[in-house]
Amino acid sequence: MSDKQIDLAVLDMAGTTVADDGLVLKAFEVAATAAGMPAEGPERDAARQYVIDTMGQSKIVVFRALTGGDEERAVAGNAAFEAAYAEFADAGVTPIPGAAEAITALRAAGIKVALTTGFSRETQDKLLNALGWNEIADLTLAPSDAGRGRPYPDMVLAAVLRLGIDAVDRVAVLGDTASDIGTGLAAGARIVAGTLTGAHDEEQLRAAGATHVVPTVTEFARLLLAERA
């Protein structure tokens, strides 16, 4: 293991630093109907399970898979998903307890923080506005800001470049899904941690290759800060 300190923490939003409360699945139900999927039956059940399994990935990519590559249906489904999620989020989103304090502590210690999402830039901005988090991080990234979404490494690598980090072994990634873990591993981050506040459990996170599994973002921050003690 490198003896270099972590200089960048790349944190997922929904399920990792922001309480999701099932909003993704609620929004999916609206979007699936808009994309022309049957309201009930095996196709809908399989689609719902696919959404659970691919939590964290770029939503347009998910809808392309669900519609068999039918771009018109995928775009319609994705648009309906984003609109529904934004509407549900407007009703009140909350941070994971301790998330804001953890981010503040990391930055105070000299660790830069990037917040990433599988949602569109517009939806991410709505979440940040609703939380009052527009200035909480050094950088915020949606898939469209980087190239590709999870599980590709683009958002992590974009954060490395934009924030002037010297090497990927100075990066730590935290997320609540196997897709988050895949992103961190593909980017070469030294710490790729899973948190138990979101979609996937410890077994799924470790199977995806997580280097650490922590109860919450608070413990993740403590892990990074301990290197600087």
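Just above, that's the structure.
What this report covers is the structure whose coordinates are included nearby. Owing to the predicted nature of the structure, the values given are computational and were not obtained by experimental measurement.

### Concerning the overall build of the chain
Right, on to step 1. Each helix and strand in the chain was counted, giving 11 helices and 6 strands.
Right, on to step 2. Taking 17 Å as the expected radius of gyration for a compact globule of 229 residues, we find that the chain reaches 17 Å, a close match to that expectation.
Right, on to step 3. Its C-alpha atoms put the chain at 55 × 35 × 30 Å along the principal axes.
Right, on to step 4. Here the chain holds 229 residues, and 50% of them are scored as buried.
Right, on to step 5. Working note: accessible area of the chain is about 9600 Å², and carbon and sulfur atoms make up 53% of it.

### Focus on the pattern of salt bridges
Right, on to step 1. A complete count under the given rule lists 16 salt bridges for this structure.
Right, on to step 2. Between Asp 154 and Arg 148 there is a salt bridge; the shortest N-O distance is 3.0 Å.
Right, on to step 3. Of the residues examined, Arg 148 reaches a relative accessible area of 41% and is grouped as partly exposed.
Right, on to step 4. The partner of Glu 219 in a salt bridge is Arg 222, with the nearest N and O atoms 3.6 Å apart. A residue pair is termed a helical-turn pair when its members lie 3 or 4 positions apart in one helix, as Glu 219 and Arg 222 do in helix 11 (residues 217-226) at 3 residues.

### Some details on empty space enclosed by the protein
Right, on to step 1. All chains considered together, the criterion is met by 2 cavities of 30 Å³ or more.
Right, on to step 2. Lining the largest cavity are Val 10, Leu 11, Asp 12, Thr 116, Arg 150, Met 155, Val 156, Val 173, Leu 174, Asp 180 and Thr 183.
Right, on to step 3. Every element with two or more residues in the lining of the largest cavity is listed here: strand 1 (8-12), helix 8 (154-162), strand 4 (171-175) and helix 9 (178-187).
Right, on to step 4. Looking at which element gives the most residues to the lining of the largest cavity, the answer is strand 1, with 3 residues.
Right, on to step 5. Classifying every residue of the lining of the largest cavity by side-chain character gives 6 nonpolar, 2 polar and 3 charged.
Right, on to step 6. Volume-wise, the second largest cavity comes out at about 40 Å³.

### So, the packing of helix 4 (residues 71-90) against helix 6 (residues 121-131)
Packed helix pairs are specified by the crossing angle of their axes together with the interaxial distance, meaning the distance between the axes.
Right, on to step 1. Here helix 4 crosses helix 6 at 0°, and the two axes come no closer than 10 Å. By the angle between their directions, the pair helix 4 and helix 6 is classed as roughly parallel. For the pair helix 4 and helix 6, contact is made by Glu 82, Tyr 85, Ala 86 and Ala 89 and by Thr 123, Lys 126 and Leu 127, respectively.

### A look at the environment of Ala 19
Right, on to step 1. Topologically, Ala 19 is positioned in the loop between strand 1 and helix 1 (23-34).
Right, on to step 2. Classification of Ala 19 as buried rests on a relative accessible area of 15%.
Right, on to step 3. Residues Ala 19 and Gly 198, 179 residues apart in the sequence, show an inter-C-alpha distance of 7.8 Å.
Right, on to step 4. Discounting chain neighbours no more than four positions away, the residues touching Ala 19 are Thr 94, Pro 95 and Ile 96.

The rules behind these values
Residues numbered from 1 in each chain as written. Predicted model: local features only at pLDDT ≥ 70, side-chain atom pairs only at ≥ 80, totals over all residues. Heavy atoms only, no water. Helix = DSSP H or I, 4+ residues; strand = E, 2+ residues; numbered from the N terminus. Rg over C-alpha atoms; globule rule 2.2 N^0.38 Å. Buried < 20%, exposed > 50% of the residue type's maximum accessible area, 1.4 Å probe, protein only. Areas by Shrake-Rupley, 256 points an atom, 1.4 Å probe, with all protein chains shown as cover. Salt bridge = Lys/Arg side-chain N within 4 Å of Asp/Glu carboxyl O. 1 Å grid on protein atoms, 1.4 Å probe; cavity = no way out; pocket = protein on both sides within 12 Å on 5 of 7 lines; lining within 4 Å. Points joined across faces, edges and corners; volume = space filled by probe spheres on them. Nonpolar A, V, L, I, M, F, W, Y, C, P; charged D, E, K, R; others polar. Axes fitted to C-alpha atoms, helices over the stretch in contact; angles between N-to-C directions. Parallel < 35°, antiparallel > 145°, perpendicular 65-115°, else oblique. Contact = heavy atoms within 4.5 Å.

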